[in-house]
Amino acid sequence: MSTSFASSNLFRLFIPIIMIVGILAGLNHIIAATQANSGFVTNLPYILFGTAFALSHSFKQSRIAMVALSMMLAYAVIQVRLQTPLSTGTTLLELSLLSLLLPVACCLAFLFPDTGV
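The rules behind each value
- Residues numbered from 1 in each chain as written.
- Predicted model: local features only at pLDDT ≥ 70, side-chain atom pairs only at ≥ 80, totals over all residues.
- Heavy atoms only, no water.
- Helix = DSSP H or I, 4+ residues; strand = E, 2+ residues; numbered from the N terminus.
- Rg over C-alpha atoms; globule rule 2.2 N^0.38 Å.
- Contact = heavy atoms within 4.5 Å.
- Expected span 1.5 Å × (residues − 1).
- Buried < 20%, exposed > 50% of the residue type's maximum accessible area, 1.4 Å probe, protein only.
- Axes fitted to C-alpha atoms, helices over the stretch in contact; angles between N-to-C directions.
- Parallel < 35°, antiparallel > 145°, perpendicular 65-115°, else oblique.
- Phe/Tyr/Trp six-rings, centres within 6.5 Å; stacked < 30°, edge-to-face > 60°.

K.L.:
What is the right way to read the overall build of the protein from this model?
P.N.:
In terms of regular secondary structure, the protein is built from five helices and zero strands. Computed over its C-alpha atoms, the radius of gyration of the protein comes to 20 Å, more than 25% above the 13 Å expected for a compact globule of 117 residues. Seen along its three principal axes, the alpha-carbon backbone of the protein occupies a region of about 55 × 40 × 25 Å. Within the protein, residue pairs in contact and separated by at least 24 positions form 58% of the contacts whose partners lie at least 6 positions apart.

K.L.:
When you look at the environment of alanine 54 in this model, what are you seeing that I'm missing?
P.N.:
With respect to the helices and strands, alanine 54 occurs in helix H3 (residues 38-58). Taking the C-alpha atoms as reference points, alanine 54 and phenylalanine 5, separated by 49 residues in sequence, lie 35 Å from one another.

K.L.:
Would you explain helix H4 (residues 62-81) in this entry?
P.N.:
Three or four residues apart is the spacing at which side chains of an α-helix point the same way, because the helix has 3.6 residues per turn. Counted at 1.5 Å a residue, the expected span for H4 with its 20 residues is 28 Å, and the 28 Å between its end C-alpha atoms agrees. Among the residues of H4, Ser62, Ala65, Ala68, Ser70 and Ala74 are the ones counted as buried. Contact partners of the buried residues in H4: H3 and helix H5 (91-108).

K.L.:
Is there a simple way to explain the packing of H4 against H5 in this structure?
P.N.:
A pair of packed helices is captured by two measures, namely the crossing angle of their axes and the spacing between those axes. Between H4 and H5, whose axes approach to 10 Å, the crossing angle comes to 170°. By the criterion of interaxial angle, the relationship of H4 to H5 is roughly antiparallel. Taken together, the residues of H5 that come into contact with H4 (itself represented by Val67, Ser70, Met71, Ala74, Val77, Ile78 and Arg81) are Thr91, Glu94, Leu98, Leu102, Ala105 and Cys106.

K.L.:
Is there a simple way to think about the packing of aromatic side chains in this case?
P.N.:
By convention here, two paired aromatic rings are described through the distance between centres and the angle between planes. Scanning the entire structure with this criterion turns up one aromatic pair. On the numbers, 5.4 Å between centres and 70° between planes, the contact of tyrosine 46 with tyrosine 75 is edge-to-face. Here tyrosine 46, found in helix H3, pairs with tyrosine 75, found in helix H4; they are 29 residues apart in sequence, far enough to count as distant.

Here is the structure:
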């Protein structure tokens, strides 16, 4: 049985290198496109988390929906509350609580059955 080109060792070695070189070569274009579409880029994480939630609902994967919801909530907390230096107010406490509770929330999703949302 012959192996395909995509599973060869040389392909696995050179594809990541080619992708990194391509990204580095077009980095200025990526930065310019990001700056031109800053409104879309700011809301893109929420769009992607919402898409993950919708797909998990359509494929009856409630665990993925719970993890996506907890990640979206953590991202919102980071964007709203944690954009200040750690020495001001309760920022350090909020960061500590978030770094403790986010993995716990993601692990708790496995206690529930994988049914519909």
